[in-house]
Structures are given as C-alpha cells and as structure tokens.
Amino acid sequence: MRIELENLEGSKGDFAHVYQPDDLNPVDERVSLIAPAAVDGKVRLSRNQVFVNGHVETRAQVECDRCLKPIEVPVNTDFTLEYISNSDYQSSEAAELTEEELSVSVFDGEAIDVDEIVKEQILLAVPTRVLCREDCKGICPECGADKNTGECNCVTNEIDPRWAALKDLT
Ligand SMILES: [Zn+2]
Ligand SMILES: [Zn+2]
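In this text the structure is predicted, and so the values were computed from the model without any measurement.

## Topic: the nonpolar core
Thought 1: Ranked by size, the top nonpolar core spans 34 residues in total, and within it Val-52, Val-118 and Ile-122 carry the most contacts.
Thought 2: Where this core is concerned, the elements lending two or more residues are β2 (14-19), β4 (37-46), β5 (49-63), β6 (70-85) and α4 (114-125).
Thought 3: Counting residues per element, this core draws most heavily on β6, which supplies six residues.
Thought 4: Not counting the four nearest positions on each side in its chain, Val-52 is found in contact with Phe-15, Lys-42, Val-43, Phe-79, Thr-80, Leu-81, Tyr-83, Ile-112 and Ile-117.

Structure (structure tokens):
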C-alpha cells in the first residue's frame, strides 16, 4: 500500500490496512509472518516534511539460533517516522537537519510506502538472537540430531573457543 501525498489534501491522513502473511512474506531471509499484520496510523504533512505514526500488530516466526526450531514472536509495536523528499535532502538546509535527526528517511516526495514501513517495523521488533529456550542445547554438528531430545552417539571434538586460542600458540 502506498499513500499518495496529493490525496492527503483535505483528508485527515488516517490509514489502516490488514496484510495477509503472503502479502509480505518473506519479510527477510530469517523472518516470516504466520498471522495477518494489522497496521493503522496517521500521515501528517508539515511544510516539506511528512510525519507518519502508527501501530503494527502481527505474529512472526523465526528459527531458534541453536536448534532451528521455529519460534513464534509476537509483534506489537508503535512507530513514529519522519520523511523528507529527495530534493529537499539535496538542499543544505535539510542536510543540516538530517545530521541532528538521524531518524529521518528520504522518499520520492510523492508517496509513502506502507509495505516497507510494516516490514521494517516487524524486523525491528524481532530480536536478532532468539532461542527456543534459555538452555537450548542446539543440534549436533555431526549428525544433525536435536540434542534437546537426547544425546547422540557422535564423538565431537568441539574445542572450547577459550582453549582454541591457546592451541594456536603451541
Ligand atoms: Zn532451540
Ligand atoms: Zn550426533
């Protein structure tokens, strides 16, 4: 969904949309949606700037960092974004502004891409490291068995990284 700024004249700038998971999947190579994503918010024009604030709610799925088991991550997040058009960004006045306001995004001056906003907010809401449980044992690097369901018979010669450094010295 794109919000054309010229259509905003005279309207309140409210928007709302529900994306089906397939509309946005894959969000990136790591994150996918397992439930519809509801977004609502408001677009406000102020001289050369555009302010967008709103709320995204959905459920995402990522793999456990250690055992690759799928984990559900609820997303429930508010956002406030600020845009300036590309031509304004080129002018020095705006460049000074962006130095202070690093959160400013540059856009084409015509429309705000809500799909991109929603994807970005989902990625920001999902932690970079997710474990299925605090003490997940992960999978065996030899046979791929899930060590949470029992030890396999592989003899692994995994070296503690703290000792690996010493090994290099000898
Ligand atoms: Zn795990
Ligand atoms: Zn094994």
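## Regarding the layout of surface pockets
Thought 1: Quantified by volume, the second largest pocket comes out at close to 150 Å³.
Thought 2: As for the second largest pocket, its lining consists of Arg-2, Leu-81, Tyr-83, Ser-105, Val-106, Phe-107, Ala-111, Ile-112, Asp-113, Glu-116, Ile-117 and Glu-120.
Thought 3: Those elements that provide at least two residues to the lining of the second largest pocket are β6, β7 (104-107), β8 (111-113) and α4.

## Looking at the coordination of the zinc ion (ligand 2)
Thought 1: For the zinc ion (ligand 2), the protein coordination sphere consists of Cys-140 (SG), Cys-143 (SG), Cys-152 (SG) and Cys-154 (SG), at 2.3 to 2.4 Å.
Thought 2: For the zinc ion (ligand 2), the donor residues sit on a single chain with the sequence spacing C-x2-C-x8-C-x1-C.

## Examining the environment of Phe-51
Thought 1: When you line up the elements, Phe-51 lands in strand β5.
Thought 2: For the pair Phe-51 and Glu-82, spaced 31 residues apart in sequence, the C-alpha separation works out to 4.6 Å.

## Quick notes on α4
Note that an α-helix has 3.6 residues per turn; residues three or four places apart therefore point the same way.
Thought 1: The end-to-end C-alpha distance of α4, which contains 12 residues, comes to 16 Å, matching closely the 16 Å that a straight helix rising 1.5 Å per residue would cover.
Thought 2: Those residues of α4 lying buried are Val-114, Ile-117, Val-118, Gln-121 and Ile-122. Take α4 and look down its axis: the buried residues cluster within an arc of 130°, on one side only.
Thought 3: Near the N-terminus of α4, the side chain that reaches the backbone nitrogen of Asp-115, with its oxygen 3.0 Å away, is that of Asp-113.

## Some thoughts on the pairing of β5
Thought 1: As defined by bridge partners, strand β3 (residues 32-33) adjoins β5 across two bridges and the pair is classed as antiparallel. Following the sheet pairing, Ser-32 is matched in β5 by Gln-61.
Thought 2: Taken together, the nine bridges between β4 and β5 define a ladder with antiparallel strand orientation. Opposite Arg-44, over in β5, you have Phe-51 as the bridge partner.
Thought 3: Count of turn residues in the β4/β5 antiparallel hairpin: two residues, of which Arg-47 carries a positive phi of about 45°.
Thought 4: Taken together, the 15 bridges between β5 and β6 define a ladder with antiparallel strand orientation. Considered in β6, the bridge of Val-56 is made with Thr-77.
Thought 5: Linking β5 back to β6 in an antiparallel pair, the connection comprises six residues, with Leu-68 at a positive phi of about 70°.

About the thresholds
Residues numbered from 1 in each chain as written. Chains lettered and ligands numbered in written order. Predicted model: local features only at pLDDT ≥ 70, side-chain atom pairs only at ≥ 80, totals over all residues. Heavy atoms only, no water. Core = buried A, V, L, I, M, F, W, Y, C linked by side-chain atoms within 4.5 Å. Buried < 20%, exposed > 50% of the residue type's maximum accessible area, 1.4 Å probe, protein only. Helix = DSSP H or I, 4+ residues; strand = E, 2+ residues; numbered from the N terminus. Contact = heavy atoms within 4.5 Å. 1 Å grid on protein atoms, 1.4 Å probe; cavity = no way out; pocket = protein on both sides within 12 Å on 5 of 7 lines; lining within 4 Å. Points joined across faces, edges and corners; volume = space filled by probe spheres on them. Donors = N, O, S within 2.8 Å, 3.2 Å for Na, K, Ca; no water. Expected span 1.5 Å × (residues − 1). Arc of directions from axis to C-beta. Polar contact = N/O pair within 3.5 Å; in protein donor to acceptor, adjacent residues only side chain to side chain. Pairing = 2+ DSSP bridges.

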